[in-house]
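Now for the letters of each chain:
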Amino acid sequence: GAAAPGPSSRLDMELNERNRFMSDDDLDAILPKDGYRIINPPASYVPI
Amino acid sequence: MPFNVADDDLYDLFGKYGAIRQIRVGTAPDTKGTAYVVYEDILDARNACEHLSGFNVGGRYITVLYYN
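This report concerns the structure included in the present document. Along each chain, residues carry numbers from 1 onward, in the same order as the chain's sequence is written. Written order decides the labels, with chains lettered from A and ligands numbered from 1. Residue-level local features of this predicted model are given only where pLDDT is at least 70; pairs of side-chain atoms are given and counted only at 80 or more, and the full residue set underlies all totals for whole chains, interfaces and linings. Calculated side-chain values reflect all of the structure's heavy atoms, with hydrogen atoms and water omitted.

The secondary structure listing takes helices from DSSP runs of H or I that are at least 4 residues long and strands from runs of E that are at least 2 residues long, numbered from the N terminus. Helix and strand counts for chain B come out as 2 helices and 4 strands. For chain B, the sequential pattern of α-helices and β-strands runs α-β-β-α-β-β. Working definition: with a 1.4 Å probe on protein chains only, accessible area under 20% of the residue-type maximum means buried, over 50% means exposed, and in between means partly exposed. Counting over 68 residues, chain B shows a buried share of 46%. Residues are treated as being in contact if the distance between any of their heavy atoms lies within 4.5 Å. Contacts in chain B between residues at least 24 apart in sequence constitute 36% of all its contacts with a sequence separation of at least 6. We get accessible surface area from the Shrake-Rupley algorithm with a probe of 1.4 Å; when it comes to residues, only the shown protein chains can shield them. Accessible area for chain B stands at about 4,000 Å²; split by element, carbon and sulfur atoms hold 52% of it.

What follows is the structure, given as structure tokens:
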């Protein structure tokens, strides 16, 4: 995904690192892949 | 889950409960009719679980299970 706006201080970076969200690879590791299709959010999708 | 639920419907239905990280839809004969919905936040997932379990989608009831 797009990189989040750059953290300024070292603390931010560290926080971000520990709190980084799960990447697609992480998800692939825990969810079944074969027999499944990952669908794309509709253009109008706005996460609440 | 009924087979004819369109991708957008899934996002509409599940998106009400929180930011969706990813949705995987079963396409193979043995996975058709099932889907994995990943939320950014575990609380949203639980919220969705509580509200959607037994919900009627397109004429068929959906069962919502935690995947862990």
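The next subject is the interface of chain A and chain B. Contacts between the two partners involve 21 residues from chain A and, on the opposite side, 24 residues from chain B. Note on definitions: buried area is the accessible-area loss of two parts on being combined, 1.4 Å probe, summed for both. Buried area between chain A and chain B, both sides added, is near 2,000 Å², and the carbon and sulfur share of it is 61%. A pair is scored as a salt bridge if a Lys or Arg side-chain nitrogen falls within 4 Å of a carboxyl oxygen belonging to Asp or Glu. At the surface where chain A touches chain B, the tally comes to 3 salt bridges. One salt bridge in this structure joins Arg 37 of chain A and Asp 7 of chain B, with 3.1 Å as the shortest N-O distance. N or O atoms closer than or at 3.5 Å make up a polar contact, with two conditions inside protein: a donor-capable atom paired with an acceptor-capable one, and, for residues adjacent in sequence, both atoms drawn from side chains. The tally of links from chain A across to chain B stands at 12 residue pairs in polar contact (both at pLDDT 80 or more). Elements that contribute at least two residues to the side of chain A that touches chain B include exactly helix H2 (24–30) and strand E1 (36–39) of chain A. Gly falls in the polar group here, along with every residue not listed as nonpolar (Ala, Val, Leu, Ile, Met, Phe, Trp, Tyr, Cys, Pro) or charged (Asp, Glu, Lys, Arg). In the side of chain A that touches chain B, the residues fall into 14 nonpolar, 3 polar and 4 charged. Alignment of E1 of chain A against strand E1 (residues 20–26) of chain B, held across 4 bridges, turns out to be antiparallel. Across the sheet, the residue bridging to Ile 38 of chain A is Arg 24 of chain B, located in E1 of chain B. Two strands are said to pair when DSSP picks up at least two bridges between them.

Only the six-membered ring of Trp is used, alongside the rings of Phe and Tyr, when aromatic pairs are assigned; centres must lie within 6.5 Å, and planes under 30 degrees apart are stacked while those over 60 apart are edge-to-face, with the rest tilted. Under the defined criterion, the tally for this structure stands at 2 aromatic pairs over all chains. On the numbers, 5.1 Å between centres and 65° between planes, the contact of Tyr 36 of chain A with Tyr 36 of chain B is edge-to-face. Here Tyr 36 of chain A, found in strand E1, pairs with Tyr 36 of chain B, found in strand E2 (residues 35–39), and the two come from separate chains. Tyr 36 of chain B carries the same exposure label as Tyr 36 of chain A, and that label is buried. Plain terms: the ring middles of Tyr 45 of chain A and Tyr 11 of chain B are 4.8 Å apart, the flat faces sit at 65° to each other, and that makes the pair edge-to-face. Placement of the pair is Tyr 45 of chain A in the segment after E1 and Tyr 11 of chain B in helix H1 (residues 7–15), with the two residues belonging to separate chains. Accessibility classification places Tyr 45 of chain A together with Tyr 11 of chain B in one group, the buried group.

The next subject is the nonpolar core. If you look at the biggest cluster of nonpolar residues, it comprises 15 residues, and the most contacted ones within it are Phe 14, Ile 20, Ile 23, Tyr 39 and Leu 52 of chain B. Elements with a minimum of two residues in this core: H1, E1 and helix H2 (42–52) of chain B. Broken down by element, the residue count for this core peaks at 4 residues, all from H1 of chain B. For Leu 52 of chain B, the contacting residues outside a window of four places in its chain are Leu 13, Phe 14, Tyr 17, Ile 62 and Val 64 of chain B. Leu 31 and Tyr 36 of chain A together with Tyr 36 and Val 38 of chain B belong to the second-largest nonpolar core, a separate cluster that totals 5 residues. What we call a nonpolar core is a set of buried Ala, Val, Leu, Ile, Met, Phe, Trp, Tyr and Cys residues that are connected through their side-chain atoms within 4.5 Å.

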